[in-house]
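# Chain and residue survey
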Amino acid sequence: MIVDLNNFTDIQIGKKAKNLFLLQKNGFNVPPLFCVLSKPDVSDEALIFEYIKKHFGKETLFAVRSSSNLEDLDNASFAGQFSTFLNVPFDELFSKIHQCFNSAEASNVEAYIKETGSAKQAMQMTVIVQKMVDADVSGVIFTVNPLGLLNETVVSCGKGAGSVVDDKLPATTYYYSNTDKEYYFEDQQNSPHIDDFSTLIKTTENVETVFGPYLDIEYAIKDGVVYLLQVRPITTINLSKQTVFDNSNIVESYPGTSLPLTCSFVKEAYSGIFRGVAFRILKSKKLMKRYEPILKEMVGDVNGRMYYKISNWYEIINFLPFSKKIIPIWQ
């Protein structure tokens, strides 16, 4: 059975396809697509081809990818586990749909199911068939930095279509502050740039009004037009414990970006200083061992920039005598 925007329901398809249809329904620019609900047999081939001729034309190239009900869950994203095919011509489409369905039985998927504790018998596999965009650039948007910076949007872009699934291409990465609306970028040799970055950010903010915060968005840009290819939640953000970074004072010593060797030296230096002070106060090797993970992370580097890891400073100050009086003064 073929499902598109006109007849989809939540229970028929996985989140990937559902979110694409919801993007379409809310007026976002999504390449035309449909979903195949079950592995087609030979008798279904004519039906699929007839649908494509009517809605797309025989000269169209397609992207073929999975949409399982077990994908994009909090404990299992299944990212990269199933087959994806790009630039598929009309006469290869039926075969690629089959291969995408068959990838659910692959050994890597079996291993991932065991690793995450997912129930294989609960898996329902559907396949998305979507018109390819002959993109100038494409990439991924994280509406918060996956490292845990909740006020920073990270945007990557590479040349052409499919750079979102090929991390070997030269890429440019943008870091946008949701607080002060400023951004900077880090590029590589021969990596592209986004001509209208503000439009991409505005599109991202509009998507958040529909799907909420903490999103992973795949996009493509052709002739200045933004196309959305996927939206899903970021599952690696742990909101149960927040980390606070601050660059007051330390930015004077380490302005701009620092090389990895410098970052490791700064971490070791601050760790040594606080370890010495802590031992004079605690006078207990057992307690020192307990606080060692914190002492190793008194400073941190994010995208090559040095910060005080303030949340750890609070934990250390808390075991000082008169800490309740010291903290307000320190602040």
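Everything in this summary refers to the structure shown in the same document. (Residues numbered from 1 in each chain as written. Predicted model: local features only at pLDDT ≥ 70, side-chain atom pairs only at ≥ 80, totals over all residues. Heavy atoms only, no water.)

### Observations regarding helix 1 (residues 15-25)
Applicable threshold: For the exposure calls, accessible area comes from a 1.4 Å probe over protein chains only, and a residue counts as buried if that area is under 20% of its type's maximum, exposed if over 50%, partly exposed in between. Only runs of H or I of at least four residues qualify as helices and only runs of E of at least two qualify as strands under DSSP, and these elements are numbered from the N terminus. Contacts are residue-level and defined by heavy atoms, with any inter-residue pair within 4.5 Å sufficient.
Within helix 1 the residues assigned to the buried category are Lys16, Ala17, Asn19, Leu20, Phe21, Leu23 and Gln24. Residues of helix 1 that are buried sit in contact with strand 1 (2-3), strand 2 (33-36), strand 3 (62-68), strand 5 (125-131), helix 5 (197-211) and strand 11 (225-233). Looking one or two residues past helix 1, Gly27 carries a phi angle of roughly 90°, positive in sign.

### Details of the sheet that holds strand 3
The cut-off we apply is this: If DSSP finds at least two bridges between two strands, the strands pair. Helix axes are fitted only over the stretch in contact, all axes being lines through C-alpha atoms; the angle between N-to-C directions runs from 0 to 180 degrees.
Read from one edge of the open sheet, five strands run 1-2-5-3-4, paired in antiparallel fashion. Both edges of this open sheet fall to strand 1 and strand 4 (84-88), since each of them pairs with a single strand only. Inspection of the sheet shows strand 3 paired to strand 4 by three bridges, in the antiparallel sense. From the neighbouring strand, Arg65 faces strand 4, where its bridge partner is Thr84. Here helix 1 sits on the sheet in contact with strand 1, strand 2, strand 3 and strand 5, set at roughly 120° to strand 3.

### Thoughts on the environment of Ser248
Definition in use: Pairs of N or O atoms within 3.5 Å make up the polar contacts considered here, provided that, within protein, one atom can donate a hydrogen while the other can accept it, and that residues adjacent in sequence are counted only when both atoms are side-chain atoms.
Looking at the secondary structure, you find Ser248 in the loop between strand 12 (245-246) and helix 6 (250-253). For Ser248, a relative accessible area of 40% translates into the label partly exposed. Residues Ser248 and Tyr307 lie 59 residues apart in sequence; the distance between their C-alpha atoms is 7.9 Å. A polar contact of 2.6 Å, which involves the side chain of Ser248, links it to the side chain of Asp246.

### Considering helix 2 (residues 42-55)
Stated precisely, the cut-off is as follows: The length a helix should cover is 1.5 Å for every residue beyond the first. In this context, the arc is that of the directions from the helix axis out to the C-beta atoms.
When the terminal C-alpha atoms of helix 2 are compared, their 21 Å separation across 14 residues agrees well with the 20 Å that a helix rising 1.5 Å per residue should span. Here helix 2 has its buried residues at Ile48, Phe49, Tyr51 and Ile52. The arc that holds the buried residues of helix 2, viewed along the axis, is 160°, so those residues lie on one side. Pointing more than 90 degrees away from the buried face of helix 2 are the exposed residues Ser43, Ala46, Leu47 and Lys54. The inward-facing, buried residues of helix 2 contact strand 1, strand 2, strand 3 and helix 3 (93-102). Directly beyond the C-terminal end of helix 2, a positive phi value near 95° is found at Gly57.

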